[in-house]
Number of protein chains: 2
Amino acid sequence: MGHVPGGGREYARLLAENERYTEAFDRSALTAAPLSGLAIVACMDARLDVEEALGLRTGDAHIIRNAGGLATDDVIRSLIVSQQLLGTNEVVVIQHTGCGLHGADEDALRDSLGASVGVDAGEIRVDFGSFADLQANLLAQVAVLREHPLLLDVPVHGLIFDVATGRLHEVDRA
Amino acid sequence: MGHVPGGGREYARLLAENERYTEAFDRSALTAAPLSGLAIVACMDARLDVEEALGLRTGDAHIIRNAGGLATDDVIRSLIVSQQLLGTNEVVVIQHTGCGLHGADEDALRDSLGASVGVDAGEIRVDFGSFADLQANLLAQVAVLREHPLLLDVPVHGLIFDVATGRLHEVDRA
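Rules of the game
- Residues numbered from 1 in each chain as written.
- Chains lettered and ligands numbered in written order.
- Predicted model: local features only at pLDDT ≥ 70, side-chain atom pairs only at ≥ 80, totals over all residues.
- Heavy atoms only, no water.
- Salt bridge = Lys/Arg side-chain N within 4 Å of Asp/Glu carboxyl O.
- Helix = DSSP H or I, 4+ residues; strand = E, 2+ residues; numbered from the N terminus.
- Buried < 20%, exposed > 50% of the residue type's maximum accessible area, 1.4 Å probe, protein only.
- Axes fitted to C-alpha atoms, helices over the stretch in contact; angles between N-to-C directions.
- Parallel < 35°, antiparallel > 145°, perpendicular 65-115°, else oblique.
- Contact = heavy atoms within 4.5 Å.
- Nonpolar A, V, L, I, M, F, W, Y, C, P; charged D, E, K, R; others polar.
- 1 Å grid on protein atoms, 1.4 Å probe; cavity = no way out; pocket = protein on both sides within 12 Å on 5 of 7 lines; lining within 4 Å.
- Points joined across faces, edges and corners; volume = space filled by probe spheres on them.
- Polar contact = N/O pair within 3.5 Å; in protein donor to acceptor, adjacent residues only side chain to side chain.
- Least-squares fit on C-alpha atoms with pLDDT ≥ 70 in both.
- Pairing = 2+ DSSP bridges.
- pLDDT = per-residue confidence, 0-100.
- Expected span 1.5 Å × (residues − 1).
- Arc of directions from axis to C-beta.
- Core = buried A, V, L, I, M, F, W, Y, C linked by side-chain atoms within 4.5 Å.
- Phe/Tyr/Trp six-rings, centres within 6.5 Å; stacked < 30°, edge-to-face > 60°.

(A) Quick peek at the pattern of salt bridges. All names here are of chain A. All chains considered together, the criterion is met by 23 salt bridges over all chains. For Arg77, the salt bridge is made with Asp74, and the minimal N-O distance between the two is 2.9 Å. Of this pair, Arg77 and Asp74 are both found in helix α3 (residues 73-86), three residues apart, which corresponds to roughly one turn of the helix. The burial state of Arg77 is the same as that of Asp74; both residues are buried.

Given below as structure tokens:
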């Protein structure tokens, strides 16, 4: 299978944009430890600009993102590193309205994925992380992080980002 | 174990910043599908503002981040969702200088984590993702994404972000 056509132009733009970025880059003495002590766990959604929506500046916070903003094993790993090596002591979980995983059909996705990449759908063992209720899903992720035996007992907050208004709604405040 | 003291003030600031953000929020008709077709996989590091460093605007790209910018199973899951449900067709992997996982000692981290959370270190099965060579580590992640049977055969680029200059260095261009 060859590359999907059309790639490359956007990538080239990134490099040009980065050239401009370096000209204004503040060579301050930021260290790896986030200044705010915050670790943010959020969905990968393109409409959620985490730094902008939260007023975070470069150096402020760890930002961990995946499809859905789910408290997966990889997020646990990342938070352990964040807390143990780099001293963060507060977590904010952000999910959002209009998420592609909200109400997604796992079986249908498995079928279309299999057809797309040429793999028998029955051999695909991936759980894609779909969910039926946004608020319940967010609360479940917050609970996982609060109760995990390898994470510090720090405040964990749950917020829903409204992609239509840019507003964060508090669902579960530590 | 009670909450680590000091949390809360930074969280309150986020909500105030978001209030300002909503006032200027562009209620445009952005949909969940990223406009650029790009999915970015990057480290969670606080000094790497992915949108700013790449000139990405709200709605442009999926942004997936974890400790190290590693091609974990959760990143594969997220990229499947990104490609199959939301049509992205190009991947950029970004690791960076000064990463906390570069040269980290897994056994020492396991010991300090165990002592910190009150769990016997011998029972901690987490692989934290430490690595010895930044460029080799980046190339390995790019290779995983290029060769994964459940991902589309799309361009995958590898970049290193220099936290001292803000510059992205091309290591592996698709």
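(B) Examining the packing of helix α4 (residues 106-117) of chain A against helix α3 (residues 73-86) of chain B more closely. Here α4(A) crosses α3(B) at 85 degrees, and the two axes come no closer than 11 Å. In this view, α4(A) runs roughly perpendicular relative to α3(B), as classed from their interaxial angle. Contact residues: α4(A) offers A:Leu109, A:Ser112, A:Leu113, A:Ser116 and A:Val117, while α3(B) offers B:Ile80, B:Gln84 and B:Leu85. The class makeup of the residues in the contact of α4(A) with α3(B) is five nonpolar, three polar and no charged.

(C) Quick look at empty space enclosed by the protein. Per the counting criterion, the structure on display carries five cavities of 30 Å³ or more. The volume enclosed by the largest cavity comes to roughly 60 Å³. Lining the largest cavity are A:His62, A:Val81, A:Leu86, B:Cys43, B:Met44, B:Asp45, B:Ala67, B:Gly68, B:His96, B:Cys99, B:Gly100 and B:Leu101. Residue classes in the lining of the largest cavity are distributed as seven nonpolar, four polar and one charged.

(D) Looking closely at the interface of chain B and chain A. Facing 97 residues of chain B, the contacting portion of chain A comprises 97 residues. Applying the counting rule to chain B against chain A returns six salt bridges. Between B:Arg167 and A:Glu19 there is a salt bridge; the shortest N-O distance is 2.8 Å. Seen at the junction of chain B and chain A, the total is 31 residue pairs in polar contact (both at pLDDT 80 or more). The element that contributes the greatest number of residues to the side of chain B that touches chain A is helix α1 (residues 9-24) of chain B, accounting for 11 residues. Its residues assigned to classes, the side of chain B that touches chain A comprises 51 nonpolar, 26 polar and 20 charged.

(E) Examining the relation of the copies chain B and chain A more closely. For the match of chain B to chain A, the screw axis carries a shift of 0.0 Å, the RMSD comes to 0.0 Å, and the turn is 180 degrees. The transformation just described matches what one would write down for a two-fold rotation axis. The C-alpha atom lying nearest the rotation axis in chain B is that of B:Arg65; the distance is 2.4 Å. Mapped onto chain A, 100% of the interface residues of chain B are again interface residues, and the two copies thus contact each other with one and the same surface.

(F) Structural detail: the pairing of strand β5 (residues 168-172) of chain A. All names here are of chain A. When strand β4 (residues 156-161) meets β5, the two strands line up antiparallel, connected through four bridges. Looking at β5, one finds that Gly158 is bridged to Asp172. Linking β4 to β5, which pair antiparallel, is a turn of six residues; within it Gly166 sits at a positive phi near 80 degrees.

(G) Seen up close, the confidence of the model for chain A. All names here are of chain A. Looking at chain A, pLDDT values average 93 and 96% of them are 70 or higher. In the predicted structure, residues 1-6 sits below a pLDDT of 50 and forms nine contacts with residues beyond four places in sequence or in another chain. As a predicted assembly, this complex carries a pTM of 0.95 together with an ipTM value of 0.95.

(H) Molecular detail of α4(A). Here α4(A) spans 16 Å end to end across 12 residues, near enough to the 16 Å set by a 1.5 Å rise per residue. For α4(A), the set of buried residues is A:Glu106, A:Leu109, A:Arg110, A:Leu113, A:Gly114 and A:Val117. Seen end-on, α4(A) carries its buried residues on one side only, within an arc spanning 135 degrees. Looking at α4(A), the residues exposed on the side facing more than 90 degrees away from the buried face are A:Asp107 and A:Ala115. Those residues of α4(A) hidden inside the fold are in contact with α3 of chain B.

(I) How the structure looks around the nonpolar core. Of all hydrophobic cores here, the largest spans 66 residues; its most connected members are A:Leu79, A:Phe128, A:Leu145, B:Leu79, B:Phe128 and B:Leu145. Sequence-distant contacts of B:Leu145, defined by excluding residues within four places in its chain, comprise B:Val41, B:Ala71, B:Ile76, B:Leu79, B:Val91, B:Val93, B:Leu151 and B:Val156. Counting 21 residues, the second largest nonpolar core, distinct from the first, contains B:Tyr11, B:Leu14, B:Leu15 and B:Phe25.

(J) Layout of the packing of aromatic side chains. Enumeration according to the criterion identifies four aromatic pairs over all chains in this entry. Between A:Phe25 and B:Phe161 the ring centres are 6.3 Å apart and the planes differ by 80 degrees, which places this aromatic pair in the edge-to-face class. Placement of A:Phe25 in the loop between α1 (9-24) and β1 (38-43) and of B:Phe161 in strand β4 (residues 156-161) is noted, with the two residues assigned to different chains. Judged by relative accessible area, A:Phe25 falls into the buried class, the value being 12%. For B:Phe161, a relative accessible area of 0% gives the class buried.

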